[in-house]
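A closer look at the structure
Take a look at the letters that make up each chain.
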Amino acid sequence: MLIAGFWYVNLRLSIYYEAGKGSGATSSFSSDSSSLHKYSTDGTREQEGGVDNTDCFITDMDWFPQAGKTVVDMFAAACTDGTLRFFKKNGFLEKKITAHTGAVICVSWNADGTSLVTGGEDGEVKVWSRNGNLRTSLFSVSSPIHALAWGKAGNSLLLAHGNFISIKHTTTNKKTL
């Protein structure tokens, strides 16, 4: 059985699909008052489990991609206090990393889940390992990184910063377009 669910933070809607068993019930979380709340599919807030106080606001989040038969039920969250956080599917904090000076504005996994990229209020784009280790500070500009997306081949990033949209190649020293 395929179950659809959703997560949302502020005005961003993130859709996910989950292979499930049983009645087909699933849950969603939202960021409100610096915490994650677990809801059932009928919109009822669940009181047990799946609630974690983040002590900041979440600006973006991305599910770990399903690569092959590997199922990793976690997501990464960009936070206003400059941290990158990894949460389990049930909403519990697994890891917290200081990632940027100022807010982490955007976060995105690559297609196979081997790398995670963050964009910050500090104008930096950083690439992280699946375990949260910094691989490289890839790109730096004088304005915040508002959005980013991996290219289909996984060797480039599309970035929105200031009035600009840039493509940064992640595998060679090609010029930014």
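Residues numbered from 1 in each chain as written. Predicted model: local features only at pLDDT ≥ 70, side-chain atom pairs only at ≥ 80, totals over all residues. Heavy atoms only, no water.

**A short note on the overall build of the protein chain**
Within the protein chain, the secondary structure is distributed over zero helices and 16 strands. In the structure as shown, the protein chain presents an accessible area of about 9500 Å², 51% of it carried by carbon and sulfur atoms. (Helix = DSSP H or I, 4+ residues; strand = E, 2+ residues; numbered from the N terminus. Areas by Shrake-Rupley, 256 points an atom, 1.4 Å probe, with all protein chains shown as cover.)

**Thoughts on the pairing of strand S11 (residues 115-120)**
Most of S11 sits out of view: six of its six residues are buried. Burial along S11 is two-sided: the residues Ser 115, Val 117 and Gly 119 and Leu 116, Thr 118 and Gly 120 are all buried. As defined by bridge partners, strand S10 (residues 104-109) adjoins S11 across five bridges and the pair is classed as antiparallel. Bridging across to S11, Val 104 finds its partner in Gly 120. Linkage of S10 to S11, two consecutive antiparallel strands, is achieved through a turn of five residues, within which Gly 113 is found at a positive phi near 75°. Bridge count between S11 and strand S12 (residues 124-129): five bridges; the pairing is antiparallel. (Buried < 20%, exposed > 50% of the residue type's maximum accessible area, 1.4 Å probe, protein only. Pairing = 2+ DSSP bridges.)

**With respect to the sheet that holds strand S14 (residues 145-150)**
Ordered by their spatial adjacency, three strands build an open sheet running S14-S15-S16, and the pairing between neighbours is antiparallel. Edge positions in the sheet fall to S14 and strand S16 (164-169), since each has one partner strand and no second. Each adjacent strand pair in this sheet contributes to an overall mean axis angle of 20°, direction not counted. For S14 and strand S15 (residues 156-161), the ladder comprises five bridges, and the chain directions are antiparallel. (Axes fitted to C-alpha atoms, helices over the stretch in contact; angles between N-to-C directions.)

**Description of the side chain of His 100**
Position of His 100 relative to the elements: it lies in the loop between strand S9 (93-98) and S10. In terms of polar contacts, His 100 uses its side chain to reach the side chain of Asp 122, at 3.0 Å. (Polar contact = N/O pair within 3.5 Å; in protein donor to acceptor, adjacent residues only side chain to side chain.)

**As for the confidence of the model for the protein chain**
In this model, the protein chain carries an average pLDDT of 76, and 64% of its residues clear a pLDDT of 70 or more. A low-confidence stretch, residues 1-28 stays under pLDDT 50, and its non-local contacts, those more than four residues away or across chains, total 66 contacts. (pLDDT = per-residue confidence, 0-100. Contact = heavy atoms within 4.5 Å.)

**Structural notes on the pairing of S9**
Across five bridges, the pairing between strand S8 (residues 83-88) and S9 is antiparallel. Within the sheet, the bridge partner assigned to Phe 86 lies in S9 and is Lys 95.

**Brief notes about the state of the cysteines**
The final tally for this structure, using the stated rule, is zero disulfides. Unpaired in terms of disulfides, Cys 79 finds its nearest cysteine sulfur in Cys 56, a separation of 3.8 Å. (Disulfide = S-S within 2.5 Å.)

**Some words on the packing of aromatic side chains**
Taken as a whole and assessed by the stated rule, the structure comprises four aromatic pairs. Ring centres of Trp 63 and Phe 75 lie 5.5 Å apart, and the angle between their planes is 65°; on these two criteria the pair is classed as edge-to-face. Residue Trp 63 is located in strand S6 (residues 58-63), and its partner Phe 75 is located in strand S7 (residues 74-79); the two are separated by twelve residues in the primary sequence. For Trp 63, a relative accessible area of 16% translates into the label buried. (Phe/Tyr/Trp six-rings, centres within 6.5 Å; stacked < 30°, edge-to-face > 60°.)

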